[in-house]
Protein chains: 2
Amino acid sequence: MVALATAPKADPRRRVLDAAIACFTRNGFHGTSMHEICAEASMSPGALYRYFPSKDAIIIAIVEEERTLRARLMEHLESAPDFVGALTAMGTQLFTGEMEMVCAELGPEIAAEAMRNPALKVMFDEVEAEMDQSMRRALLAAQARGEVDAGLDPDAVLVMINAIGDGLMLRNRLSPELPLGEMMPVLGDLIRRMLAPRTTTATDARS
Amino acid sequence: MVALATAPKADPRRRVLDAAIACFTRNGFHGTSMHEICAEASMSPGALYRYFPSKDAIIIAIVEEERTLRARLMEHLESAPDFVGALTAMGTQLFTGEMEMVCAELGPEIAAEAMRNPALKVMFDEVEAEMDQSMRRALLAAQARGEVDAGLDPDAVLVMINAIGDGLMLRNRLSPELPLGEMMPVLGDLIRRMLAPRTTTATDARS
DNA sequence: CCATAGAGAGCGAACGTTCGTTCGCATCTA
DNA sequence: TAGATGCGAACGAACGTTCGCTCTCTATGG
């Protein structure tokens, strides 16, 4: 009992967060009651409320946690030598279930809630902005090194890439039978076609 | 008072549906109470329940209504001579607000609710399947006429197009300050780059 | 080595509120 | 007068949250 004893019932905060993520994923934020979260976490309401002051506080904690995860991901993307390659690799990990990312599952739910809860909205916007800036840096670098057509408008490309990402996550949630993980290479090729400079290897190819 | 007198307080069913759409868009399905819908429709609960047996029935009616609208849209897309052009035109109408489409606003909300409500799920899936089949036909036709690269996997292209559509709608809702309507031409060009056959005017271009 | 006091963790019945829904009655129209 | 239409107070259930209690440790004084 020094300090590292933990096995069966570890950090209660963690247990609540994991339980909440499971419940919210299953039934949505407004669709899950505190009692359900308590049951999932094997904890009474009284105990739970020692760790979180309210239901809202739980979502905010989840998003806050996701923030650091996203930051690491973006770091990795910025340092990758191949922009689209790194993007599709991320997609593959995400959709095969190799990597867990809460926002992939809860994205729309959180987004919807953010429109109502000001405190959550602030945090959500920050995470969103951080990701956008990071993505922009990675894109500009890819354009500078010639991987992505330098003639393309970065704003438009960013909107498109974000839309594709959000759209795939949504679809993954709506129809989980779609083997998105396996399709990522092909989808990546499509994105490459969209972004790569026109093939100037042999022909000048006007009109 | 023959039969066509209607101006101020017309068909109560319509009033309820419009009120519900407004409320759901503002506060989400679980975020709006029946009393709010009643207030928005200037109607008492007692009156409202004469037209809809439950809150669930209201969403189902909304989706049912959207079904015919979508069907018309898809008809138009299938008969268009230019697949990507028709797609971007639809996007422009949608994001400039020229055309109203409930699912554009309520999409994620409805999708989330569909995962919980079996009756809604059935209808949602049907609408989704109809749209997918229509889109597939339009895509295959575009490939046949050489507008879209015939070498591309239709399944992958469909997933991609659906994702882009869903993603743009989501983003339009999350950050309405983005001028998506004006960006559509540029975004359309990106999609064209992705789908158009590689310029084979002069070269055979293998590998 | 034991007894015990104190603190913190955990519990779960209960609270006040809000929700979706109902029902008895009033009000129009024909 | 009969029937459709509309009203709004009221209901039971479920919600997020609270609170007073019990239990389990740990430290200390004998």
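Residues numbered from 1 in each chain as written. Chains lettered and ligands numbered in written order. Predicted model: local features only at pLDDT ≥ 70, side-chain atom pairs only at ≥ 80, totals over all residues. Heavy atoms only, no water.

1. Side note on the overall build of chain A
And then number 1: The helix and strand tally for chain A stands at 9 helices and 0 strands.
And then number 2: The N-to-C order of helical and strand elements in chain A reads α-α-α-α-α-α-α-α-α.
And then number 3: Counting across all 207 residues of chain A, residues that qualify as buried make up 49%.
And then number 4: Taking all contacts inside chain A whose residues are at least 6 apart in sequence as the whole, residues at least 24 apart take part in 67%.
And then number 5: For chain A, the computed accessible surface area is about 10400 Å², with 57% contributed by carbon and sulfur atoms.
And then number 6: In chain A, which carries 21 positive and 30 negative side-chain charges, the distance between the mean positions of the two groups comes to 2 Å. (Helix = DSSP H or I, 4+ residues; strand = E, 2+ residues; numbered from the N terminus. Buried < 20%, exposed > 50% of the residue type's maximum accessible area, 1.4 Å probe, protein only. Contact = heavy atoms within 4.5 Å. Areas by Shrake-Rupley, 256 points an atom, 1.4 Å probe, with all protein chains shown as cover. Lys, Arg positive; Asp, Glu negative; His and termini not counted. Charge placed at Lys NZ, Arg CZ, Asp CG, Glu CD.)

2. Description of the protein's contact with DNA strand D
And then number 1: Lining the immediate surroundings of DNA strand D are 16 residues, of which Met34(A), Tyr49(A), Lys55(A), Gly46(B) and Tyr51(B) lie closest.
And then number 2: For DNA strand D, the backbone makes up 41% of the atoms found within 4 Å of the protein, where backbone means sugar plus phosphate.
And then number 3: Between Tyr49(A) and DNA strand D, the recorded distance is 2.6 Å, taken from a side-chain N or O atom to a phosphate oxygen.
And then number 4: Between DNA strand D and the protein, one listed contact pairs a phosphate oxygen with a side-chain N or O atom of Tyr51(B) at 2.5 Å.
And then number 5: Going through the elements one at a time, α2 (34-41) and α3 (45-48) of chain A together with α3 (45-48) of chain B are the ones with two or more residues in the surface near DNA strand D.
And then number 6: The leading source of residues in the surface near DNA strand D is α3(B), at 3 residues.
And then number 7: Taken together, the residues of the surface near DNA strand D break down into 7 nonpolar, 7 polar and 2 charged. (Near = heavy atom within 4 Å. Polar contact = N/O pair within 3.5 Å; in protein donor to acceptor, adjacent residues only side chain to side chain. Nonpolar A, V, L, I, M, F, W, Y, C, P; charged D, E, K, R; others polar.)

3. Observations concerning helix α1 (residues 12-27) of chain A
Residues and elements named next belong to chain A.
And then number 1: Under the 1.5 Å per step criterion, the end-to-end length of α1 is 22 Å for 16 residues, consistent within 8% with the ideal 22 Å.
And then number 2: Within the span of α1, buried status applies to Val16, Leu17, Ala19, Ala20, Ile21, Cys23, Phe24, Thr25 and Asn27.
And then number 3: Against α2, α3, α4 (55-79), α6 (102-114) and α8 (154-174) lie the buried residues of α1.
And then number 4: For α1, the N-terminal cap is aspartate 11; the gap from its side-chain oxygen to the backbone nitrogen of arginine 13 is 3.1 Å.
And then number 5: Directly beyond the C-terminal end of α1, a positive phi value near 80 degrees is found at glycine 28. (Expected span 1.5 Å × (residues − 1).)

4. Here's the deal with the relation of the copies chain B and chain A
And then number 1: Between the two copies, chain B and chain A, the superposition gives an RMSD of 0.1 Å; the rotation angle is 180 degrees and the shift along the axis is 0.0 Å. Given the turn and translation reported, the copies of this chain are related as if by a two-fold rotation axis.
And then number 2: A shared interface surface links the copies, since 96% of the contact residues of chain B are contact residues in chain A too. (Least-squares fit on C-alpha atoms with pLDDT ≥ 70 in both.)

5. What about the protein's contact with DNA strand C?
And then number 1: Neighbouring residues of DNA strand C: 16 residues in total, closest Gly46(A), Tyr51(A), Met34(B), Tyr49(B) and Lys55(B).
And then number 2: Considering DNA strand C, the proportion of its atoms within 4 Å of the protein that are sugar or phosphate atoms stands at 43%.
And then number 3: For DNA strand C, a phosphate oxygen lies 2.4 Å from a polar atom in the side chain of Lys55(B).
And then number 4: Among the elements of the structure, α3 of chain A together with α2 (34-40) and α3 of chain B are those that each provide at least two residues to the surface near DNA strand C.
And then number 5: In terms of residue count, the dominant contributor to the surface near DNA strand C is α3(A) (3 residues).
And then number 6: A class-by-class count of the residues in the surface near DNA strand C yields 7 nonpolar, 7 polar and 2 charged.

6. What about the pattern of salt bridges?
And then number 1: According to the stated counting rule, one finds 34 salt bridges over all chains in the structure shown.
And then number 2: Across the pair Asp18(A) and Arg14(A) runs a salt bridge whose closest N-O atoms are separated by 3.0 Å. With Asp18(A) and Arg14(A) both in helix α1, this residue pair falls 4 residues apart, about one helical turn.
And then number 3: The residue Arg171(A) makes a salt bridge to Asp166(B) at a minimum N-O spacing of 2.8 Å. Here Asp166(B) lies in helix α8 (residues 154-174) and Arg171(A) lies in helix α8, a pairing that spans two chains.
And then number 4: Given the relative accessible area of 18%, Asp166(B) is considered buried.
And then number 5: The structure contains a network of salt bridges with shared partners spanning Glu64(A), Arg67(A), Glu126(A) and Glu130(A). (Salt bridge = Lys/Arg side-chain N within 4 Å of Asp/Glu carboxyl O.)

7. Digging into the side chain of Gln143(A)
And then number 1: With respect to the element layout, Gln143(A) can be found in helix α7 (residues 118-144).
And then number 2: What makes Gln143(A) buried here is its relative accessible area of 9%.

8. Remarks on the nonpolar core
And then number 1: The biggest cluster of nonpolar side chains holds 74 residues, and the ones touching the most others in it are Phe83(A), Leu187(A), Leu195(A), Phe83(B), Leu187(B) and Leu195(B).
And then number 2: Here Phe83(A) is in contact with Leu77(A), Met135(A), Ala138(A), Leu139(A), Ala142(A), Arg145(A), Glu147(A), Val148(A), Ile161(A) and Leu195(A), once residues within four sequence places are set aside. (Core = buried A, V, L, I, M, F, W, Y, C linked by side-chain atoms within 4.5 Å.)

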